[in-house]
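If you want the building blocks of each chain, they are given just below.
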Amino acid sequence: MTKALTIAVPSKGRLEEKSAEMFTQAGMNLKRAGARGYTGTLVGFEGVEIAYLSAAEIAARLRDGSVHFGITGEDLLREEVSDLESVIQFVMSLGFGHADVVVAIPNSWVDVATMADLAEVASDFRLHKGRLMRVATKYINLATDYFAANDVKDIQIVTSFGATEGAPASSAAEAIVDITSTGATLAANDLRVPEDGVILKSQANLAAALKANWSPEARSAAKQILARLSAFQRATDMLEVKFNAGADKVSQDTLRVFSAVTISVTNTHDGQAVTLLIDHSQLQNITEFLATKQIGVTVSKPDFVFSPRNELFERLAGAIL
């Protein structure tokens, strides 16, 4: 039986682990068909199929609309999908899989601090060497666009088929464009990033294929999934604060200064029992304020914070009409 909605997730490694963890924390478990199987289910959602694919294949499947949702890096989507805005919607950033696409140059180029400096060096290189400076990369499109935007002209983008960071040392290229998480590999290969050499700060994203077959059943499943994921993600930034105001009641206007959302106010024999929802960045401010009124607080972490509106689904539905 054909499933109404397909979600593509990475088939191995850290991205697979973090994707499964995210769904589990959002109250939805991924069940893989065997340790090495390439299909699975989303427990509790009969019409949803999970496809386990490589990160690059997920980008391709989102592009052609053969899956509805996919989890992959923004770097791959922006590299592989030329008409990105018309065929794919970034639904939500997931907070894992962080990596930067960067320009990297040899440390020995001591006079090169910016892309403008690199443009000058490339021009001098062509003048004295009689050929273009080579930049090795797997990110042909991102690199081409970035060098053009920074007016770096005298270069030749060459495709890297191996370990890109080793290209300058092996004389296969003079500079590179590659992805880095910590910078350790670049440093180990005596490379560094110019001050303005970060092309893209990437992370894993849940993306939607606008060309997929969004049947009523697919939309219904997507609506439920996005509501849970959104509520889980929203809860990561929120805290629940409880206190008893006693006789010295705290006004709602005062609480709004802290961007607090009042969940409940219950009259008690000695005042009011108040429950608030606050952004975690406001915790110190609001607890210090309440301390001035001799009010103690209890703080807990909510699992989900549901909004009256399913804004993620609304935005998607508007794009696939």
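See the structure printed just above.
All values reported here derive from a predicted model rather than from experimental measurement.

Cut-offs used in this document
Once a new chain begins, its residue numbering starts again from 1 and follows that chain's sequence as written. Residues qualify for local features only when their pLDDT is at least 70, as the model is predicted, and side-chain atom pairs are given and counted only at 80 or more; totals for whole chains, interfaces and linings, by contrast, use all residues. To obtain the side-chain values, all non-hydrogen atoms of the structure were included, while hydrogens and water were left out. A run of DSSP states H or I qualifies as a helix once it reaches four residues; a run of E qualifies as a strand once it reaches two. Both are numbered from the N-terminal end. Our radius of gyration is a C-alpha quantity, and the globule rule it is checked against amounts to 2.2 Å times the number of residues to the power 0.38. Partly exposed describes any residue whose relative accessible area lies between the buried limit of under 20% and the exposed limit of over 50%, with all areas from a 1.4 Å probe on protein chains only and scaled to the type maximum. Residue contacts are counted whenever heavy atoms from the two residues lie within 4.5 Å of one another. Only the protein chains shown count as cover for residues, and the accessible areas themselves come from Shrake-Rupley with a 1.4 Å probe. His residues and chain termini do not enter the charge count, which takes Lys and Arg as positive and Asp and Glu as negative. Positions of charges follow a simple convention, taking NZ of Lys, CZ of Arg, CG of Asp or CD of Glu. The criterion is simple. A nonpolar core is a set of buried Ala, Val, Leu, Ile, Met, Phe, Trp, Tyr and Cys residues joined through side-chain atoms within 4.5 Å. Within 6.5 Å between ring centres, the rings of Phe, Tyr and Trp (the latter by its six-membered ring) count as paired, and their orientation is classed by plane angle as stacked under 30 degrees, edge-to-face over 60, tilted in between.

K.L.:
What's the story with the overall build of the protein in this structure? I'm lost.
P.N.:
Check the secondary structure of the protein and you find eleven helices and 17 strands. A globule of 321 residues ought to have a C-alpha radius of gyration of about 20 Å, yet the protein, at 25 Å, is considerably larger. Counting all 321 residues of the protein, 46% fall into the buried class. Sequence separation of 24 or more characterises 71% of the internal contacts of the protein that already satisfy a separation of 6 or more. Summed over its atoms, the accessible surface of the protein is roughly 16,400 Å², and 50% of this surface lies on carbon and sulfur atoms. Between the averaged position of the 30 positive side-chain charges in the protein and that of its 38 negative side-chain charges there is a distance of 6 Å.

K.L.:
Would you mind showing me how to read the nonpolar core here?
P.N.:
Note that soluble globular proteins tend to have their nonpolar side chains buried in a common cluster. Ranked by size, the top nonpolar core spans 53 residues in total, and within it L5, F23, F69, W214 and I225 carry the most contacts. If one sorts the elements of this core by residue count, helix α8 (residues 216-235) sits on top with seven residues. Counting residues in each nonpolar core, the second largest holds 23 residues, with W109, A119, A143 and V152 among its members.

K.L.:
Would you mind going over the packing of aromatic side chains with me for this structure?
P.N.:
One pair of aromatic rings is described through two measures. These are the centre distance and the angle between the planes. Under the counting rule described, the total for this entry stands at two aromatic pairs. Ring centres of F69 and W214 lie 5.5 Å apart, and the angle between their planes is 75°; on these two criteria the pair is classed as edge-to-face. Here F69, found in strand β5 (residues 69-73), pairs with W214, found in the loop between β13 (204-209) and α8; they are 145 residues apart in sequence, far enough to count as distant. This pair shows no difference in class: F69 is buried, exactly as W214 is. Look at F304 and F306: their rings are 5.8 Å apart centre to centre, the planes differ by 25°, and that puts the pair in the stacked class.

K.L.:
Explain the environment of S300 here, please?
P.N.:
Note on placement: S300 falls in strand β17 (residues 297-300). Among residues more than four places away in sequence, those in contact with S300 are L239 and E240.

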